[in-house]
Amino acid sequence: MVSGVILDHRIPCLGLSLTENFHVNIIKEGLRCLGLPVGPWLSRFKAAIYQKRDFESDFWVTWEEGGGVKKRERFLLGELVKKIAVISPGQKIAYITDVTASTKNCVKIIELAKAADILFIEASFLDSERETARSKYHLTAREAGELARKAGAKYFQLFHFSPRYADRGTDLVTEAREAYKKHYRQP
């Protein structure tokens, strides 16, 4: 799912997030214990899960054995899921650039990036140049780190540095990391 918000950079600018569907991974040991082969039926099985089919419904596993012998076995979908699948959440990625740290923007950014696995966020200036950042409608590294922390982002990546920091990118990263860690508690 793709989500977006309109942010202020003197002109409208988009902040975006992308949230993947959940993942279905097959437990090969579970297949072995049930005597089931790997095959095309696994695509139907995964599709049934992604389509959110009723876990109380029947699911038929079909396959061919040597000599063209066709085999079928009936399972309840939910029971088969428990025995052969691990379902894990998809990742969320958020992208924020060309924004000022106004209250309105910050509220939107935090909501959009909430619980992001990865937040790509601009950090154009050090906090010592906050007034320059404001006049150019950009974030400081400290603001980027604070927004990442408030959103509960698991990881963040800075980019869009002012050219004046061509040889000082680590200063921006250090400032953002300090702001992220300050008062941060793991959920």
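Just above sits the structure.
Since the structure is predicted, the reported quantities are computational estimates derived from the model, not experimental observations. (Residues numbered from 1 in each chain as written. Predicted model: local features only at pLDDT ≥ 70, side-chain atom pairs only at ≥ 80, totals over all residues. Heavy atoms only, no water.)

## A closer look at the layout of surface pockets
And step 1. In this structure, the largest pocket spans a volume of roughly 170 Å³.
And step 2. Lining the largest pocket, in full, are K154, Y155, F156, Q157, L158, F161, V173, R177 and Y180.
And step 3. At the level of elements, strand 9 (156–159) and helix 7 (169–181) are the ones that each hand at least two residues to the lining of the largest pocket.
And step 4. Its residues placed into classes, the lining of the largest pocket shows six nonpolar, one polar and two charged. (1 Å grid on protein atoms, 1.4 Å probe; cavity = no way out; pocket = protein on both sides within 12 Å on 5 of 7 lines; lining within 4 Å. Points joined across faces, edges and corners; volume = space filled by probe spheres on them. Helix = DSSP H or I, 4+ residues; strand = E, 2+ residues; numbered from the N terminus. Nonpolar A, V, L, I, M, F, W, Y, C, P; charged D, E, K, R; others polar.)

## Quick notes on the environment of Q91
And step 1. Checked against the element boundaries, Q91 lands in the loop between strand 6 (85–88) and strand 7 (92–96).
And step 2. For Q91 and E20, which are 71 residues apart along the polypeptide, the C-alpha to C-alpha distance reads 5.5 Å.
And step 3. Not counting residues up to four positions away in its chain, the partners in contact with Q91 are L18, T19, E20 and D117. (Contact = heavy atoms within 4.5 Å.)

## Examining the pairing of strand 9
And step 1. Because side chains alternate across strand 9, one face comprises the buried residues F156 and L158, and the other comprises Q157 and F159, none of which is buried.
And step 2. Pairing geometry for strand 8 (residues 118–122) and strand 9, over four bridges, is parallel. Bridge pairing links I121 to L158 in strand 9. (Buried < 20%, exposed > 50% of the residue type's maximum accessible area, 1.4 Å probe, protein only. Pairing = 2+ DSSP bridges.)

## Regarding the packing of helix 2 (residues 41–50) against helix 3 (residues 77–84)
And step 1. Viewed as axis vectors pointing N to C, helix 2 and helix 3 meet at an angle of 110°, and their least axial separation amounts to 11 Å. Here helix 2 is positioned roughly perpendicular relative to helix 3, judged by the angle of their axes. The crossing of helix 2 and helix 3 is left-handed. Only L77, L80, V81 and I84 of helix 3 make contact with helix 2, whose side of the interface consists of W41, L42, F45, A48 and I49.
And step 2. Within the contact of helix 2 with helix 3, the residues separate by chemical class into nine nonpolar, no polar and no charged. (Axes fitted to C-alpha atoms, helices over the stretch in contact; angles between N-to-C directions. Parallel < 35°, antiparallel > 145°, perpendicular 65-115°, else oblique. Left-handed = near helix turned anticlockwise from the far one by under 90°.)

## Some words on the sheet that holds strand 1 (residues 2–8)
In a beta sheet, neighbouring strands are held together by backbone hydrogen bonds and run either parallel or antiparallel to one another.
And step 1. Across the sheet, which stays open at both edges, the five strands sit in the order 1-2-7-8-9 with mixed pairing between neighbours. Edge positions in the sheet fall to strand 1 and strand 9, since each has one partner strand and no second. Averaged over all pairs of adjacent strands, the angle between strand axes in this sheet comes to 15°, irrespective of strand direction.
And step 2. Two strands pair when backbone bridges link them, and strand 2 (residues 12–19) and strand 7 are joined in this way by four bridges, in the antiparallel orientation. Bridge assignment links L18 to a residue of strand 7, and that residue is I93.
And step 3. Contacts between helix 6 (residues 141–151) and the sheet are confined to strand 8 and strand 9, with strand 8 contributing the most and set at about 155° to the helix.

## Considerations on the environment of P12
And step 1. Relative to the elements of secondary structure, P12 occurs in strand 2.
And step 2. Those residues within four positions of P12 in sequence are excluded, and the remaining contacts are I6 and L7.

## Describing the pattern of salt bridges
And step 1. Evaluation of the coordinates by the stated rule reveals 10 salt bridges.
And step 2. Measuring nitrogen to oxygen at the nearest pair gives 2.9 Å for the salt bridge that ties D117 to K154. Of this pair, D117 sits in the loop between helix 4 (103–112) and strand 8 while K154 sits in the loop between helix 6 and strand 9; the two residues are 37 residues apart in sequence, bridging distant segments of the chain.
And step 3. A salt bridge links R130 to E143; the shortest N-O distance between them is 3.8 Å. Of this pair, R130 sits in helix 5 (residues 130–135) while E143 sits in helix 6, and the two are 13 residues apart along the sequence. (Salt bridge = Lys/Arg side-chain N within 4 Å of Asp/Glu carboxyl O.)

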